[in-house]
Amino acid sequence: MKNKVTVVGSGNWGSVAAKLIASNTVRLSSFDDEVRMWVFEEKLPSGEKLTDVINRTNENVKYLPGIKLGKNVVADPDVESAVKGANMLVFVSPHQFMEGICKKLVGKIGKDTEGISLVKGMEVKKEGPCMISTLISKTLGINCSVLMGANIANEIALEKFSEATVGYSKNKEAAEKWVQLFGTPYFIVSAVQDVEGVEMCGTLKNIVAIAAGFVDGMEMGNNTKAAIMRIGLKEMIKFSKMLFPSVKDSTFFESCGVADLITTCLGGRNRKVADAYAKNQGKRSFDQLEAELLNGQKLQGVLTAKEVYEVLSDRGWVEQFPLFSTVHAISIGRLPPSAIVELGDSKSANKQVGNSTL
């Protein structure tokens, strides 16, 4: 039986993922040519439905204009219909919507279905933090890998050389299938047996990117930005290992780690909006700036900073993570953007930054 793929999500990155996958399903005999893509239905200014326009023009005119997705990509506004018959599900929706999406799919997919999450973020519940891959696995009863990396979507859409990392837990055969499905001559994919490490990298780097945006908005310079990125990387490693002791050091040197951190701090949407927030001296909210600058896309870093802070606060770890804590405080207006370089002013913050090690 041929593998059938559905992409659950159709934003900027979801559309690029569909394009990558569609280019491979038509040439690989083990896959059904058609790639279904679930689209959250929207009405365009023309009055047309986004799904209808995608299927007519083979282009996501709102989230990835000017890029053909592949004639074998079929947009579907009904998530249950989109996943019907699929045994490989690619999840790529904003993380705050994932729980609701998964609940809709309970009982609608086969037991042998494989999932992969391209979603950055975590759910924080009373019982503790839950990674999105774990949410998918537990809710749907399926194995779920992750794919993260230095992946600014518009560059991959233009077929510029990029890399990514698949993280898996036990099923190496499934991981190899995902590598085959996503890999192209311009998009090089490797697999590592560290699903938590890969996913934590993709989640936490958005907090550091917010910090980098504050630095850019206040025109503090490249030395300051490099310092913030270094401190951020150390906090990423420390937090990941405190939550998941199995996380490997080597994972942070894959595309999902330091490479993704660099590209997100240089050119991602989190950096862009945080830059604008700092330029406005915090007088305009992140919600306002998101609506103005991202054309319907969702900002992840501010919400992730809040979720991580909840974990830090609950476990008494706040003083061990001065950068993460400061990003959250600035994001909610408790501190001014200039506080991003005052991490060492308090004795506790200075001690923790100075003593934190790889």
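On a predicted model such as this, the values are computed, not experimentally measured, just so you know.

Participant: Can you tell me about the layout of surface pockets, naming the residues and giving the values?
Facilitator: Estimates place the volume of the largest pocket at around 1,100 Å³. Forming the boundary of the largest pocket are 48 residues, of which Asn 12, Trp 13, Arg 269, Gln 297 and Lys 298 lie nearest the centre. Mapped by element, the contributors of at least two residues to the lining of the largest pocket are helix H1 (12–25), helix H6 (153–157), helix H8 (195–217), helix H10 (255–267) and helix H11 (269–279). It is H10 that provides the largest number of residues to the lining of the largest pocket, a total of four residues.

Participant: Describe in detail the sheet that holds strand S2 (residues 31–38), supporting the description with residues and values.
Facilitator: Spatial ordering of the open sheet is given by S3-S2-S1-S4-S5-S8-S9-S10, a layout of eight strands whose pairing is mixed. Two strands bound the open sheet, and with one partner strand each, they are strand S3 (73–76) and strand S10 (187–192). On average, each strand axis in the sheet is tilted by 25° relative to the strand beside it, whichever way the strands run. Running at roughly 160° to strand S8 (residues 143–148), helix H5 (residues 132–140) makes contact with strand S4 (88–91), strand S5 (114–117) and S8 of the sheet. This element, H8, spans S8, strand S9 (162–167) and S10 of the sheet and lies at about 45° to S8.

Participant: Summarise the packing of aromatic side chains; cite the residues concerned and give the values.
Facilitator: Using the criterion set out here, one finds nine aromatic pairs in the structure. Judged by centre distance (6.3 Å) and plane angle (45°), the rings of Trp 178 and Phe 182 are tilted. One end of the pair, Trp 178, and the other, Phe 182, are both in helix H7 (residues 172–182), four residues apart, so they sit about a helical turn from each other. On the basis of relative accessible area, Trp 178 is assigned to the buried category, the value being 0%. Its relative accessible area of 0% is what places Phe 182 among the buried residues. Ring centres 6.3 Å apart and planes at 85° place the aromatic pair Phe 239 and Trp 317 in the edge-to-face group. Here Phe 239, found in helix H9 (residues 222–243), pairs with Trp 317, found in the loop between helix H13 (301–315) and helix H14 (322–331); they are 78 residues apart in sequence, far enough to count as distant.

Participant: Kindly report on the confidence of the model for the protein, identifying the contributing residues and their values.
Facilitator: Per-residue confidence for the protein gives a mean pLDDT of 92; residues scoring 70 or more make up 95%. Long-range and interchain partners of residues 346–358, a stretch whose pLDDT sits below 50, account for 18 contacts in this model, where long-range means more than four residues apart.

Rules used throughout
Residues numbered from 1 in each chain as written. Predicted model: local features only at pLDDT ≥ 70, side-chain atom pairs only at ≥ 80, totals over all residues. Heavy atoms only, no water. 1 Å grid on protein atoms, 1.4 Å probe; cavity = no way out; pocket = protein on both sides within 12 Å on 5 of 7 lines; lining within 4 Å. Points joined across faces, edges and corners; volume = space filled by probe spheres on them. Helix = DSSP H or I, 4+ residues; strand = E, 2+ residues; numbered from the N terminus. Pairing = 2+ DSSP bridges. Axes fitted to C-alpha atoms, helices over the stretch in contact; angles between N-to-C directions. Contact = heavy atoms within 4.5 Å. Phe/Tyr/Trp six-rings, centres within 6.5 Å; stacked < 30°, edge-to-face > 60°. Buried < 20%, exposed > 50% of the residue type's maximum accessible area, 1.4 Å probe, protein only. pLDDT = per-residue confidence, 0-100.

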